[in-house]
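Chain by chain, the residues run as shown.
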There are 2 protein chains.
Amino acid sequence: VGGSTLIAIDWGTTAARAYRMDANGDVAEERVSPLGIARIGNGRFAPALAELLGDWRDDPAPRLACGMIGSRQGWVEAPYVECPATLAALATGLARVDDGALAIVPGLITRDRHGVPDVMRGEETQLLGAVGADEAVLAVLPGTHSKWAYVERGVVTDFATWMTGELYALLLDHGILGRMAERTAPAADDAFLRGVRRGVDAGALAHDVFGARTLALSGELVGGDVADWLSGLLIGREIRDAGAWSRGAGRAAERVRIIGSDALADRYAVALTVAGMTAERGVAAAAAHGLWRIAGQAGLLH
Amino acid sequence: VGGSTLIAIDWGTTAARAYRMDANGDVAEERVSPLGIARIGNGRFAPALAELLGDWRDDPAPRLACGMIGSRQGWVEAPYVECPATLAALATGLARVDDGALAIVPGLITRDRHGVPDVMRGEETQLLGAVGADEAVLAVLPGTHSKWAYVERGVVTDFATWMTGELYALLLDHGILGRMAERTAPAADDAFLRGVRRGVDAGALAHDVFGARTLALSGELVGGDVADWLSGLLIGREIRDAGAWSRGAGRAAERVRIIGSDALADRYAVALTVAGMTAERGVAAAAAHGLWRIAGQAGLLH
């Protein structure tokens, strides 16, 4: 083992993903571990890193991580950088642990017009990996807490979080809807599309979610369709709201880059089309590419 | 025991409340039992009724019930009456069980402009008990599933449900917010008022609820304040949305009658004031008074 230029680590709450990157910035090798920070007790981060790296541990390449490893519950808290956040500000804000052997990318903070903060940790790096230095892009990272961000020529201008995935899981796993819904993997089927259409139309979310119950009661949604319709409603409403958020700031919202490659990202692509927007797909391993750019800016690459 | 004119029963999912009413339509005596329909197994409704009535069981007065006892999970399903629903339609739709000894009020169904149904069972009776025959009133019944309804001279014109209470409980008891919030009884304190102001302003709910987390992270909400702020946000948004729903149908929304007398109803009164609306309080024992009116219309009172 040797000859790599960067060891890039996307270190989140439930998993850690490490990449050995070559001199061209391409991913040469990838490792996934369940050693997310929630599984690491008593501050034993250094042994966790050694386990994650395995036989890469003697590789002299610099190591750069992003994600919840830099949070209050992580190895060290890397203070949030304020939006609009430049690549240079992220590189300047790197925190260092393990006698300087590991650098950690800070998260981002922004405040809306009411002064309420919003935060991200890890997604800023994916954004910089998925949006080129000359592009201006509205991007979404679908998930438990979906992040929408505007990235403009290497600057994360602003972002906002939607708790779409968490609301979906709470309503189905612990709410009254769960009793009448089969909890199968959601599909981009007809019930999902009906939900999306309901979502992209104006409405009151706390009222509209009740429709999953009443449509099941009336027999208009059966079995797994209840979950699909609810998924469509929540994603559709998120897309509608995020479009309004983007336009409200004088930015474009016709074209959205989806960062992610799983079934959820596929459902967002379908829902964006229903909403009359154009869906683009981001590159794979966006975190690795973002870490590469930040490492370059920070002078870590030799 | 004897001499009563009606035995009125508000029979819900988790509790049953029985009233002996005199010839003036006043409540002479009241009984509460935990024998909600969720606690009654194997269709043993007749013994449950006997237990609820106790020494009233030999009273020859007619018996009229409302609530989930008339649902598919109850004693017998009393088919929904469509909105706009008159007092006469409710009286005509009574279902009968126990060899005709108990009559049950049907629930209501309505459909919004998308054709999505909404339903209520029990609240229609409270509405008719809390709104006089000559009044036109926008009313709210706060709860796990808050109901907003417009009642116009004895007719329930239309209604809509908000899952506000359920969303609040799900987010705090099972969601990520619960880890940073003390789950104390919500109070109409400063944090609640801040939440209400955020709620009555336009916003994307699935985004705005994330503010409870970020305001806690930044130390702007501490301990029990997180729950109060979230309660305010959800109630404030419900009030804003319900006002828009009412105005969208060409109805007034300046004055709202709150049907309920608990701490939650008090918080709605505060929130309505913050939203610039006038809060009125409904009568106590609204279900008993509604059952009295329906019984009179159905010719049950002698």
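Sequence positions are assigned chain by chain, starting from 1 and proceeding in written order. Here the convention is simple: chains get letters from A, ligands get numbers from 1, in the order in which they are written. Owing to the predicted nature of the model, reporting of local features is limited to residues with pLDDT of at least 70; listing and counting of side-chain atom pairs is limited to 80 or more, with chain, interface and lining totals taken over all residues. Values shown for side chains rest on all heavy atoms present in the structure; no hydrogens or waters enter the calculation.

> I'm lost on the interface of chain A and chain B in this one. Help?
In many reports, interface size means the accessible area that the parts give up when they come together. When checking whether two residues touch, look at their non-hydrogen atoms; a contact exists if any pair is within 4.5 Å. Opposite the 42 residues of chain A that make contact, chain B presents 41 residues. Buried area: the accessible surface (1.4 Å probe) lost by two parts on joining, summed over both. Both sides of the chain A and chain B interface together cover about 3,600 Å² of buried area, and 65% of this is carbon and sulfur. Area buried by chain A at its contact with chain B is led by Met163(A), Ala206(A) and Phe210(A), which between them contribute 16% of it. Each salt bridge in this description consists of a side-chain nitrogen of Lys or Arg and a carboxyl oxygen of Asp or Glu lying within 4 Å of one another. Counting across the chain A and chain B interface gives 6 salt bridges. For Arg113(A), the salt bridge is made with Asp201(B), and the minimal N-O distance between the two is 3.5 Å. Between N or O atoms, a polar contact is any pair within 3.5 Å; within protein, one atom must be a potential hydrogen donor and the other a potential acceptor, and residues adjacent in sequence are included only when both atoms are from side chains. Applying the counting criterion to the chain A and chain B interface returns 17 residue pairs in polar contact (both at pLDDT 80 or more). For the side of chain A that touches chain B, the secondary-structure elements that each account for two or more residues are strand S10 (117-120), strand S13 (155-162), helix H4 (164-174), helix H6 (205-208) and helix H7 (210-217) of chain A. Counting from the N terminus, the helices are the DSSP runs of H or I reaching at least four residues and the strands are the DSSP runs of E reaching at least two. By residue number, the principal contributor to the side of chain A that touches chain B is H4(A), which donates 6 residues. For the side of chain A that touches chain B, a count of residues per class yields 20 nonpolar, 11 polar and 11 charged. As a working rule, the residues Ala, Val, Leu, Ile, Met, Phe, Trp, Tyr, Cys and Pro are called nonpolar, Asp, Glu, Lys and Arg charged, and the rest polar, with Gly in that last group.

> What am I meant to see in the environment of Arg96(B) here?
The residue Arg96(B) is located in strand S7 (residues 95-97) in this model. In this structure the C-alpha to C-alpha distance between Arg96(B) and Glu82(B), which are 14 residues apart in sequence, comes to 19 Å.

> Could you clarify how one ought to interpret H7(A) in this entry?
Residue pairs spaced three or four apart in an α-helix point in one direction, given the helix's 3.6 residues per turn. Burial analysis of H7(A) places 7 of its 8 residues in the buried class, which makes it a mostly covered element. Burial classes follow relative accessibility: with a 1.4 Å probe on protein chains only, a residue under 20% of its type's maximum area counts as buried, one over 50% as exposed, and anything between as partly exposed. For H7(A), the complete set of buried residues consists of Phe210(A), Gly211(A), Ala212(A), Arg213(A), Thr214(A), Leu215(A) and Ala216(A). Looking at the packing, one finds that the buried side of H7(A) touches helix H5 (190-200), H6 and helix H8 (225-248) of chain A together with strand S10 (117-120), strand S12 (146-152) and strand S13 (155-162) of chain B.

> What exactly am I supposed to notice about the pattern of salt bridges here?
Once their charged atoms are close, side chains differing in charge can pair, the charge on each being opposite to the other. All chains considered together, the criterion is met by 32 salt bridges over all chains. In this structure, Asp208(B) engages Arg198(B) in a salt bridge whose closest nitrogen and oxygen atoms are separated by 2.8 Å. Here Arg198(B) lies in helix H5 (residues 190-200) and Asp208(B) lies in helix H6 (residues 205-208), a separation of 10 residues in the sequence. On the accessibility criterion, Arg198(B) (8% relative accessible area) is buried. Where Arg255(B) meets Glu280(B), a salt bridge forms, and the shortest distance between an N and an O atom there is 3.2 Å. With Arg255(B) in strand S14 (residues 255-258) and Glu280(B) in strand S15 (residues 278-281), this residue pair connects regions lying 25 residues apart in the sequence. Salt bridges sharing partners connect three or more residues here, namely Arg20(A), Glu29(A), Arg31(A), Asp55(A) and Asp59(A).

> What's the story with the pairing of strand S15 (residues 278-281) of chain A in this structure? I'm lost.
Regular strands show a simple pattern: their side chains alternate between the two faces of the sheet. All names here are of chain A. In this structure, strand S14 (residues 255-258) lies alongside S15, joined through 4 bridges in parallel fashion. Each bridged residue has a counterpart across the sheet, and for Val 256 the counterpart in S15 is Ala 279. Crossover handedness is defined here as right-handed if the route from the first strand over the helix to the second strand goes clockwise, with the strands pointing away from the viewer. With helix H9 (residues 263-274) bridging S14 and the parallel S15, this β-α-β connection has right-handed handedness. Two strands qualify as a pair provided DSSP detects at least 2 bridges between them.

> Teacher, can you tell me more about empty space enclosed by the protein here?
Over the atoms, a rolling probe the size of a water molecule traces out where space has been left empty. Space inside and on the surface of the protein is sampled on a 1 Å grid over the protein atoms alone, with a cavity defined as a set of points where a 1.4 Å probe fits but cannot get out and a pocket as an open set with protein on both sides within 12 Å along at least 5 of 7 lines; lining residues have an atom within 4 Å of a point. Grid points are joined across faces, edges and corners, and a volume is the space filled by probe spheres set on the points. Counted under the stated rule, the structure contains 3 cavities of 30 Å³ or more. If you go around the largest cavity, the residues you meet are Leu167(A), Leu171(A), Leu205(A), Val209(A), Leu234(A), Leu167(B), Leu171(B), Leu205(B), Val209(B) and Leu234(B). Mapped by element, the contributors of at least two residues to the lining of the largest cavity are H4 of chain A together with helix H4 (164-174) of chain B. Residues that form the lining of the largest cavity fall into these classes: 10 nonpolar, no polar and no charged. One number sums up the size of the second largest cavity: a volume of about 50 Å³. Lining the second largest cavity, in full, are Arg198(A), His207(A), Asp208(A), Phe210(A), Gly211(A), Thr214(A), Asp112(B), Val116(B), Pro117(B) and Asp118(B). It is H7(A) that provides the largest number of residues to the lining of the second largest cavity, a total of 3 residues. For the lining of the second largest cavity, the class distribution of residues is 3 nonpolar, 3 polar and 4 charged.

> What am I meant to see in the packing of aromatic side chains here?
Centre-to-centre distance and the angle between the planes together describe a pair of aromatic rings. To pair, rings of Phe, Tyr and Trp, with the six-membered ring standing in for Trp, must have centres within 6.5 Å; the planes then decide the type, stacked if under 30 degrees apart, edge-to-face if over 60, and tilted in the middle. With the rule as written, the count across this model stands at 6 aromatic pairs over all chains. Geometrically, the ring pair formed by Trp11(B) and Trp75(B) is edge-to-face, given 6.3 Å between the ring centres and 80° between the ring planes. Placement of Trp11(B) in strand S1 (residues 6-11) and of Trp75(B) in the loop between strand S4 (63-66) and strand S5 (81-82) is noted, with a sequence separation of 64 residues between them. For Trp11(B), a relative accessible area of 0% translates into the label buried. Its relative accessible area of 19% is what places Trp75(B) among the buried residues. Plain terms: the ring middles of Phe45(B) and Trp75(B) are 5.8 Å apart, the flat faces sit at 20° to each other, and that makes the pair stacked. Separated by 30 residues along the polypeptide, Phe45(B) in helix H1 (residues 45-53) and Trp75(B) in the loop between S4 and S5 bring together distant segments of the chain. The structure contains a cluster of three or more aromatic residues connected by ring pairs, namely Trp11(A), Phe45(A) and Trp75(A). Definition used: whenever NZ (Lys) or CZ (Arg) falls within 6 Å of the ring centre and also within 35 degrees of the ring normal, the charge is taken to sit over that ring. Above the plane of the ring of Trp56(B) lies Arg20(B), whose end atom (NZ or CZ) is 5.9 Å from the centre. Here Arg251(B) stacks its cationic end above the ring of Trp245(B), 4.5 Å away from the centre of that ring.

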